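Now for the letters of each chain:
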Amino acid sequence: MAQPLTQAEIQSKASLLSGWTVEGSKLQTTRKFKDFVQAIEFVNKLVEPSESVGHHPDIEISYNKVKITLTTHDAGGLTQNDFNLAEVISQIN
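In what follows, the accompanying structure is described. Worth saying up front: this structure is predicted, and the values here are computed from it rather than measured. (Residues numbered from 1 in each chain as written. Predicted model: local features only at pLDDT ≥ 70, side-chain atom pairs only at ≥ 80, totals over all residues. Heavy atoms only, no water.)

### Things to note about the overall build of the protein chain
Okay, so step 1: When helices and strands are counted, the protein chain shows four helices and four strands.
Okay, so step 2: Along the chain direction, N to C, the helices and strands of the protein chain fall in the order α-β-β-α-α-β-β-α.
Okay, so step 3: Its C-alpha atoms give the protein chain a radius of gyration of 13 Å, within 12% of the compact-globule value 12 Å for 93 residues.
Okay, so step 4: Here the C-alpha coordinates of the protein chain stretch approximately 40 × 25 × 20 Å along the principal axes.
Okay, so step 5: Taking all 93 residues of the protein chain together, 38% fall into the buried category.
Okay, so step 6: A separation threshold of at least 6 residues defines the contact pool for the protein chain, and within that pool the share at least 24 residues apart is 66%.
Okay, so step 7: Total accessible area on the protein chain is roughly 5600 Å²; 50% of this is exposed by carbon and sulfur atoms. (Helix = DSSP H or I, 4+ residues; strand = E, 2+ residues; numbered from the N terminus. Rg over C-alpha atoms; globule rule 2.2 N^0.38 Å. Buried < 20%, exposed > 50% of the residue type's maximum accessible area, 1.4 Å probe, protein only. Contact = heavy atoms within 4.5 Å. Areas by Shrake-Rupley, 256 points an atom, 1.4 Å probe, with all protein chains shown as cover.)

Structure (structure tokens):
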């Protein structure tokens, strides 16, 4: 099991991620698209990288907005896995 990061580690790593915020024990971003179809196309692009690392985001879709939340449930907070996946997601258009 991955070890939870300290608050100092979380803040340091979060400062390197553009467009992501730390909300309690979660790392979050919201992406806005032209329409629902583009939002769904983006969500579909998250499947392969998430599956390949065995770490899955919580996803909320509201028409053209996609909210992604990362946390490591079995560790009870944020781990390096969350920041690694956030970096990958940040590169997806």
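Anyway, onward from the coordinates.
### Concerning the pairing of strand S3 (residues 58-62)
Okay, so step 1: Here S3 pairs with strand S4 (residues 65-70) via five bridges, running antiparallel. Following the sheet pairing, Ile61 is matched in S4 by Val66.
Okay, so step 2: Where S3 folds back onto S4 in an antiparallel hairpin, the turn is made up of two residues, including Tyr63, whose phi is positive at roughly 50 degrees. (Pairing = 2+ DSSP bridges.)

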